[in-house]
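# Reading the structure
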Amino acid sequence: MDENKGRQKEDERGLENQGVVRAYRRYLKLERNFTENTLDAYMRDLQKLLDYLRGEQVAPDAVRLENLQHFAASLHDIGIGARSQCRILSGVRAFYRFLFLDRRMDNDPSELLESPQTGEHLPEVLSTEEVDRLESAIDLSKWEGHRNRAIIEVLFSCGLRVSELVNLKLSSLYLEEGFVRVEGKGRKERLVPISPKAIRELGFWFIDRRNMANIKDGEEDYVFLNRRGAHLTRTMILIMVKRLAAEAGIQKTVSPHTLRHSFATALLEGGADLRAIQAMLGHESIGTTEIYTHVDTHTLREEILQHHPRNIKQK
């Protein structure tokens, strides 16, 4: 009898938790304007916490800081890396901020929850010459040749995320004006300049694209399509970029993200303002842009020697 009552209470608590999770998901979607991919990632990370709390027999709205600290320690114990721990704990903080703001809790137990130190990690950077080598490795006699060249050039000249590239629409191209309209994280739109070279490569691809007779319904507005007439996936782009890097003999860890970082680095080293780079990358925080970009010590030294007033020779 007691066992049945215990099960009933557990079921009721489970239903109550489901209601909270649904409310939290609605909040992220409607208030934070998260995309489906971001929503799914947040929900997966939250589920890790809920599973842990269920094992500890602690209700989510009864959590204290020490419970969250033990959860954080458990992530380390099962071999989750520091960067992934940081992402999961960031989601935990977002969840408890929601509970507090929605008056489901009297305080925010995650306020003093610390994340592990990850150290500064800078992705690989490709020079313009290496990007040219990537493009030269493309066989233009193949059906997808001009398409792949346009992909590489758009990634490098516009600094798009791969998710932004695969969802790029024909209706978002303003090639005469030299801009593309991009929908970034949180469905926020921004205008990004596009280079004449990228426009030229797109023109070659559009010749091939117009000859496609099998474009699927609903896919007509996507810029980049596969042989079956459907828009590309992020995995397809990743495989293509890695294959080209190997064929070009580039001894670096290269991904579509590498081209985005190379775009930002080239702008910074060329003298672009950090705020302008932030706007083009679609970063909410300037701090993200500072981490994203990279200036080697030689370039930094040259900039100081050239521009600092103590180094400028008086006439």
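Here, every reference points to the structure presented above.
Reading the values: the criteria
- Residues numbered from 1 in each chain as written.
- Predicted model: local features only at pLDDT ≥ 70, side-chain atom pairs only at ≥ 80, totals over all residues.
- Heavy atoms only, no water.
- Helix = DSSP H or I, 4+ residues; strand = E, 2+ residues; numbered from the N terminus.
- Contact = heavy atoms within 4.5 Å.
- Areas by Shrake-Rupley, 256 points an atom, 1.4 Å probe, with all protein chains shown as cover.
- Salt bridge = Lys/Arg side-chain N within 4 Å of Asp/Glu carboxyl O.
- Buried < 20%, exposed > 50% of the residue type's maximum accessible area, 1.4 Å probe, protein only.
- Core = buried A, V, L, I, M, F, W, Y, C linked by side-chain atoms within 4.5 Å.
- Pairing = 2+ DSSP bridges.
- Axes fitted to C-alpha atoms, helices over the stretch in contact; angles between N-to-C directions.
- Parallel < 35°, antiparallel > 145°, perpendicular 65-115°, else oblique.
- Nonpolar A, V, L, I, M, F, W, Y, C, P; charged D, E, K, R; others polar.
- Phe/Tyr/Trp six-rings, centres within 6.5 Å; stacked < 30°, edge-to-face > 60°.
- Left-handed = near helix turned anticlockwise from the far one by under 90°.
- Arc of directions from axis to C-beta.

### Quick notes on the overall build of the chain
Per the secondary structure count, the chain includes 13 helices and three strands. Within the chain, contacts between residues at least 6 apart in sequence are counted, and of these 56% link residues at least 24 apart. Accessible area of the chain: about 18,800 Å², with a carbon and sulfur share of 49%.

### Some thoughts on the pattern of salt bridges
Summed over all chains, the structure comprises 18 salt bridges. R104 serves as the salt-bridge partner of D102, at 2.6 Å between the closest nitrogen and oxygen. Assessed through its relative accessible area of 38%, D102 is described here as partly exposed. Overall, the relative accessible area of 38% leaves R104 in the partly exposed class. Overlapping salt bridges bring together R25, K29, E36 and D40 as one network.

### Describing unusual backbone geometry
Within the chain, N33 stands out as a residue other than glycine whose phi angle is a positive 60°. Mapped onto the elements of the fold, N33 is located in the loop between α1 (2-31) and α2 (36-56). Since its relative accessible area comes to 30%, N33 is described here as partly exposed.

### Observations regarding the nonpolar core
By size, the foremost hydrophobic cluster in this structure holds 39 residues, and its most contacted members are I152, V154 and F224. Elements with a minimum of two residues in this core: α5 (128-136), α6 (145-158), α7 (162-166), β2 (179-183), α8 (196-210) and α9 (234-247). The leading source of residues in this core is α6, at seven residues. Once you skip the residues sitting within four places of it in the chain, F224 turns out to touch R147, A150, I151, V154, L165, L202, W205, A230, H231 and L232.

### Considering the sheet that holds β2
What the three strands build is an open sheet, ordered β1-β2-β3; its pairing is antiparallel. Every other strand in the sheet has two partners, leaving β1 (173-174) and β3 (189-193) as the edge strands with one partner each.

### Overview of the packing of α6 against α9
α9 packs onto α6 with a crossing angle of 95° between their chain directions and a minimal axis gap of 11 Å. Put simply, α6 runs roughly perpendicular to α9. Across the interface between the two elements, N148, I151, I152 and L155 from α6 touch I237, M240, V241, R243 and L244 from α9. Classifying every residue of the contact of α6 with α9 by side-chain character gives seven nonpolar, one polar and one charged.

### Considering the packing of aromatic side chains
Inspection of every chain in the model, using the stated rule, returns eight aromatic pairs. Considering the side-chain rings of Y24 and F98, the 5.5 Å spacing of their centres and the 45° angle between planes classify their relative orientation as tilted. Taken as a pair, Y24 in helix α1 and F98 in helix α4 (residues 82-101) lie far apart in primary sequence, 74 residues in all. On the basis of relative accessible area, Y24 is assigned to the buried category, the value being 1%. According to the relative accessible area criterion, F98 is buried, its value standing at 6%. Taken together, the ring pairs in this structure connect Y24, Y27, F95, Y96 and F98 into an aromatic cluster.

### So, the side chain of S110
Positionally, S110 belongs in the loop between α4 and α5. S110 sits in the buried class, given a relative accessible area of 1%. In contact with S110, other than residues within four places in its own chain, are L68, V92, R93 and Y96.

### Examining the packing of α5 against α6
Look at α5 against α6: their axes get within 9 Å of each other, and the N-to-C directions meet at 160°. Accordingly, the angle class assigned to the pair α5 and α6 is roughly antiparallel. α6 is crossed by α5, and the crossing has right-handed handedness. The segment α5 lies against α6, with T128, V131, L134, E135 and S136 engaging R149, I152, E153 and F156. In terms of residue class, the contact of α5 with α6 is made up of four nonpolar, two polar and three charged.

### Thoughts on helix α11 (residues 274-281)
Taken residue by residue, α11 has I277, Q278, M280 and L281 as its buried positions. Considered in projection along α11, the buried side chains sweep an arc of 165° and stay on one side of the axis. One or two positions beyond α11, positive phi appears at G282, with a value near 80°.

### Remarks on the pairing of β2
In the case of a regular strand, side chains alternate between the two sheet surfaces. Burial of the side chains of β2 is restricted to one face: V180 and V182 are buried, whereas none of F179, R181 and E183 on the reverse face is. With two bridges connecting them, β1 and β2 associate as antiparallel partners. Counterpart to L173 in the pairing with β2 is V180. Hairpin connection, β1 to β2: the antiparallel pair is bridged by four residues, and G178 has positive phi, about 85°. Of the strand pairs in this sheet, β2 and β3 are connected by five bridges, and their pairing is antiparallel.

Function cannot be inferred from these measures alone, as they are strictly geometric.
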